[in-house]
Amino acid sequence: MIYILSRLIIYKLFYHIGFPKILPMNYTVSVTYTCNSRCKTCNIYNRKCKELSLEEYKKLSQNIGKSPYWITFSGGEPFLKRKFSSIVKLFYNNCKPKIINIPSNGIMTKKIVQEVKEICEHCKKSQIIINLSIDGIGEQHNQIRNVPDNYTKVINTYNQLKKLEYKNLSIGIHTVISKFNVDSFSSIANNLMSLKADQYITEIAEERNELITINSDISPDPIKYKSAVDFLIHRIKHLKITKKMHRITQSFRIEYYNLVKQILRDKTQVIPCYAGITSVQISPDGEVWACCIKAKSLGNLRKNNYNFKQIWTSKNFNVERKSIKNKECYCPLANASYTNMLLDFKILSRVFYRSFLKWWD
């Protein structure tokens, strides 16, 4: 946290005057488009590309150095990527991130558990977060994900991962709130929170270029979404949380859910977006994006000798940053929103108050 706070002023200068061009602290590295789910809220499996190899990831991780504080390894289904654990370990060796986050559909229990063991044992100084996606209870989840017995498989994976005794491992559950489950969300949340995962988080189903879901009508009705997250906020506020770090985490989640409600209502950026400044996404074939909503290539690593810094400081990125700063786009993307909130001092003050002075008000 001290590391992050010490860089906030620099990132604000970058946002307002374009200098110094400090590297981002939040990286999403999408390692594959391949997926063994066929979710109603995602069509990413239809994307095809020549994926970066282990040797190419070595060059990339060496180039970005120790700039990442947080790296999310996403997909598709990241555990389908050949030598996935080796890729994660490579980034750990060269980048030393404090947090490594891996979302998964949890279908391949044996493979996931084995690779998580390897990652935890190697990346000892990073907090490893495995977030298992569960969008409904029982058959509802199977139907949303279009995979028979998916719910049984992901619950089995959850139970197997919870048995692992690594101090640097956290197991979370993640629900995408969509038009397909918003009406039953309170029941879903109650059931999943009863599993006592290390964290329970939600995200709203969005129309993204990356997921090939533009004009797909998957987002929940804003009023129904508000009702769902208001229920979740109420549940969070009544959790008996003694650890300060957990209070901080949950406080940021409360702020995020309230932020999404405002974005859906106002249809604009509610707080400044720092995508392309504090956060970035790298596609499986080396395209560098400011965010996955637009999925707009601002440079390709292969065409630039894997020199991320060269792309990051390019004219293309400068133009995109100006567009974002001018509020020519808006979205409730969770990954970017959490780093955006770190640079909003009103939000930080509320998080501080709730976490250290009065958890429930």
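Residues numbered from 1 in each chain as written. Predicted model: local features only at pLDDT ≥ 70, side-chain atom pairs only at ≥ 80, totals over all residues. Heavy atoms only, no water.

Undergrad: How do you make sense of the layout of surface pockets when you look at a structure like this?
TA: Take a probe with the size of a water molecule and roll it over the atoms, and the empty space left behind shows itself. Here the second largest pocket is characterised by a volume of approximately 270 Å³. Surrounding the second largest pocket, 14 residues form its lining, Ser-219, Leu-264, Lys-267, Tyr-330 and Pro-332 being those nearest its centre. Here the lining of the second largest pocket is built from residues that sort into 10 nonpolar, 1 polar and 3 charged. (1 Å grid on protein atoms, 1.4 Å probe; cavity = no way out; pocket = protein on both sides within 12 Å on 5 of 7 lines; lining within 4 Å. Points joined across faces, edges and corners; volume = space filled by probe spheres on them. Nonpolar A, V, L, I, M, F, W, Y, C, P; charged D, E, K, R; others polar.)

Undergrad: Where do I start with the packing of helix α3 (residues 84–95) against helix α4 (residues 109–122) in this structure?
TA: Each pair of packed helices gets described by two things: the angle between the helix axes and the distance between those axes. Their axes nearest at 9 Å, the elements α3 and α4 cross at an angle of 15 degrees. Here α3 lies roughly parallel to α4, going by the angle between them. Regarding α3 and α4, the two cross each other, and that crossing is right-handed. On the side of α3, the interface is formed by Phe-84, Ser-85, Val-88, Lys-89, Tyr-92 and Asn-93, while α4 contributes Glu-115, Glu-118, Ile-119 and His-122. Partitioning the contact of α3 with α4 into residue classes produces 4 nonpolar, 3 polar and 3 charged. (Axes fitted to C-alpha atoms, helices over the stretch in contact; angles between N-to-C directions. Helix = DSSP H or I, 4+ residues; strand = E, 2+ residues; numbered from the N terminus. Parallel < 35°, antiparallel > 145°, perpendicular 65-115°, else oblique. Left-handed = near helix turned anticlockwise from the far one by under 90°. Contact = heavy atoms within 4.5 Å.)

Undergrad: Explain helix α8 (residues 222–237) to me, please; I cannot follow it from the model alone.
TA: Because each turn of an α-helix spans 3.6 residues, side chains separated by three or four positions end up pointing in the same direction. End to end, α8 covers 22 Å across 16 residues, agreeing with the expected 22 Å (1.5 Å per residue, within 8%). Taken as a whole, α8 has its buried residues at Tyr-225, Ala-228, Val-229, Leu-232, Ile-233, Ile-236 and Lys-237. End-on view of α8: buried residues confined to an arc of 165 degrees, all on one side of the axis. Exposed residues lying more than 90 degrees from the buried face of α8 are Ile-223 and Ser-227. Lining the buried residues of α8 we find β5 (169–177), α7 (185–193), β6 (199–204), α9 (244–266) and α13 (345–357). Measuring from the backbone nitrogen of Ile-223 back to the side-chain oxygen at the start of α8 gives 3.0 Å, which picks out Asp-221 as the cap. (Expected span 1.5 Å × (residues − 1). Buried < 20%, exposed > 50% of the residue type's maximum accessible area, 1.4 Å probe, protein only. Arc of directions from axis to C-beta. Polar contact = N/O pair within 3.5 Å; in protein donor to acceptor, adjacent residues only side chain to side chain.)

Undergrad: Please clarify how the sheet that holds strand β8 (residues 288–289) should be interpreted in this entry.
TA: Backbone hydrogen bonds hold the strands of a sheet together, and the pairing may be parallel or antiparallel. Spatially, β6-β5-β4-β3-β2-β1-β7-β8 is the arrangement adopted by the 8 strands of the open sheet, whose pairing is mixed. If you trace the sheet from one side to the other, it starts and ends with β6 and β8, each paired once. Direction of pairing for strand β4 (residues 127–133) relative to β5: parallel, over a ladder of 6 bridges. Within β5, the position partnered with Ser-133 by the bridge is His-174. Where α7 meets the sheet, its contacts fall on β5 and β6, and the angle it forms with β6 comes to roughly 155 degrees. (Pairing = 2+ DSSP bridges.)

Read these as geometric descriptors, not functional statements.
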